[in-house]
Structure formats: structure tokens, C-alpha cells
Amino acid sequence: MAQNAVLGQFEQLILTAVLTLEEDAYGITIHRKVGELSSHRSVTLGAVYVTLDRLEDKGLVSSWLSDPTPERGGRSKRFYRLESPGEAALRDSMLAVQRLWDALPSKRRKAWI
Amino acid sequence: MDLAKIVSVLLPSEVRESVLGDLAERGYRLSDILNVLPRIWFSSFRRAIALPSVIGLSDDAAFELRYHQFSRESGRAMLLIYLLWASIMTYVDQTILYLLIVLVGMAAWGFFGSRLRSFFNIHPGPRSWRELHIGRLRGQRARAGIWFSMVCIDLFLRTIAVRNGRTWPITAPHVELNLPHLSLNFSISTLLLFALNLLWAYRIHREIRQITTPRS
């Protein structure tokens, strides 16, 4: 059976953002959502672009250009969509985190929340 | 000239539209521009040298596409390598001879290249595009390896000659040239050039492995 891609923490954030934004996932909205999800650290727009490129090369997301939009000076938006390998990789990552969380002593879990 | 136009010129063409739009939406913040530009270029460069994902397909049409794509890539890579070599030699020997050689070579290739290509271009026939592509990759890898070995031997011989203070074994024992004629610089710069060639060969080698290794 083929192994799903192993994701880094930032990749998990980006994929989660793309998944939750659904039809509205493009550079700015993904950047904003990633900022919300990782409230403890600042996220730059450049880091989002680079990670999206890498995820696209891995076949975890796909992208397409929209029609030009007047509010952006007639520029197109590059929208992103999670592909099934991306969804599988994100699911594996989430389950791994869940298993780690469950493995912690309940006293520690309560202290951390 | 306004900021949008300057940024537009500085962005790689494949992402220009979407990134400019995003930057416009955020009001062209200088911090965004300074952060995005180097990262976008880094990503673009990484994608340019990465192995093409099309090879993952078993469809022979994908190999036909990759076969022609590789022809263009290798042409560009060789051109860049020779231009770099000519530039180094121009600097080292203070002569534009090498640059002229490359320019004449390029002109000749531009004039006769298409005729040569059409003469040697063989339709796959019974061979698949996959086999043709692998054959061409192996040919390029072997050629790069041979060139690199030759330059290594040349540098080795020149080093011995310089240490001995004689031009033999570069020349025949009865022919003695002045030491400056050995031009060790030439060999070193050529070695640098062919180190790039070897890097190219390594990339080809990876592609061959990617194609020929059975996928699980």
C-alpha cells in the first residue's frame, strides 16, 4: 500500500486552511486563516506561497487562476483545492496528533488546556 | 513609475498575476514585497530544477512530452554552461577569444541546428518514447561523465608538469613549451565548468532512476 505524505507543522496549517476555506482558498485568505490558526506566531505571505508551491508539487493541492477581478486592479486570483492525497495526508497527521494527545496522562492534559 | 509596475517586473511571469493581485489587496505593503520577492524566486528556482512530475505517469504520451521538454532543457543548460565558461576564460586570459568561439558556435547551431535535428530525429517506430527518452538521458549522462574525466586527467597532467617545471607530459618529451603555456588557470576554470556538467549529469541520473525504479 502506498504511504501518505508526511507533513510538517506549517504544511498541516496550510492544508487545514485550504480545507476550511473551501471555494475561497487563495493567497490572502489562506494567509489570514493560517494566521488565525497559529495565533502564537507571525506568518508571512512569502512563507505561505512557498509552502503552497511545495504542496502542489507533491500533488497534495491543485490550483487554477480565476477570471480577473476589478477589486484587485484587474488581477486574477490563484485558487487552491485540497486533492485526495492531501486530504489523506492531513487525516494521517491529525490522527497522529490525536494519538499523541490520548497517550498523555489525563492530569497533564487537564493542566495544558 | 509606480510601485506596482516595479514589483510586476521583479516577479517571475508564472505567478505575476496572482501575486500582484494579492499584494494589491493588501495595499502593496513594503514588508510584504520584501518578504515575498526572494521567497517567490527561490520557489521558482527550486521548481525549475526539480524533476518533472510527468515522469510518474506510465502513459507514453507523457514521455513524448518529456522527451521534447528535455531537449529544450539540455540545450539551455549547455548554453548556460558554455557562456559561463567563456566568461571565466575572458576574465582569466583577458581575451574575448573564448566568448567569440561560443558566439560563433551558437550562430552555427542556430543556422544548421534545425537541419541537423531533422536529419537525426528518429521517429520512435517500434521503440517507445519511454525507451527513447531513457536512451537520450543515458547518452547525456555518459557524455558528461567522459568530459569530466578528461578534464580531471588534463588538470592532473598539468599539475605534474608545473611541479616538474617541464611541459611533458602535456607535450611530447622533445617539445618544450614555456610554462605559461600550460595555463593551469585554463584547466581549473574548465574543471569548474565541467563540475557544473557533472551536476547536470547527476540530475539526469536521478531522473533515470526515477523512471526505471519500479514503483510500489
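Bear in mind the structure is a predicted one, so any value in this text is a computation, not a measurement.

Student: Please clarify how the overall build of chain B should be interpreted in this entry.
Tutor: Looking only at helices and strands, chain B has seven helices and zero strands in total. What you see in chain B, going N to C, is helices and strands ordered as α-α-α-α-α-α-α. Taken across its 216 residues, chain B has 32% of its residues classed as buried. Across chain B, the fraction of contacts at a sequence separation of at least 24, relative to all contacts at a separation of at least 6, is 63%. Counting only carbon and sulfur atoms, one obtains 66% of the accessible surface of chain B, whose full area is about 13700 Å².

Student: Just checking my understanding: could you explain the overall build of chain A for this structure?
Tutor: When its secondary structure is counted, chain A shows five helices and two strands. Across chain A, helices and strands are ordered from the amino to the carboxyl terminus as α-α-α-β-β-α-α. Relative to its 113 residues, chain A shows a buried fraction of 43%. Surface summary for chain A: the accessible area is close to 6700 Å², and the carbon and sulfur share equals 54%.

Student: So what exactly am I meant to see when it comes to the nonpolar core here?
Tutor: Burial of nonpolar side chains together is a common tendency in soluble globular proteins. Grouped together as the largest cluster of nonpolar side chains are 22 residues, with contacts concentrated most on Phe10(A), Ile14(A), Leu15(A), Val18(A), Ile30(A) and Val34(A). Of all the secondary-structure elements, those providing two or more residues to this core are helix H1 (9-21), helix H2 (27-37), helix H3 (45-57), strand S2 (78-82) and helix H4 (84-103) of chain A. In terms of residues, this core owes the most to one element, H1(A), which gives seven residues. Residues within four places of Leu15(A) in sequence aside, it is in contact with Leu7(A), Leu55(A), Leu60(A), Val61(A), Leu82(A), Gly86(A) and Leu90(A). Counting residues in hydrophobic clusters, the runner-up holds 15 residues, among them Leu20(B), Leu23(B), Ile33(B) and Ile40(B).

Cut-offs applied
- Residues numbered from 1 in each chain as written.
- Chains lettered and ligands numbered in written order.
- Predicted model: local features only at pLDDT ≥ 70, side-chain atom pairs only at ≥ 80, totals over all residues.
- Heavy atoms only, no water.
- Helix = DSSP H or I, 4+ residues; strand = E, 2+ residues; numbered from the N terminus.
- Buried < 20%, exposed > 50% of the residue type's maximum accessible area, 1.4 Å probe, protein only.
- Contact = heavy atoms within 4.5 Å.
- Areas by Shrake-Rupley, 256 points an atom, 1.4 Å probe, with all protein chains shown as cover.
- Core = buried A, V, L, I, M, F, W, Y, C linked by side-chain atoms within 4.5 Å.

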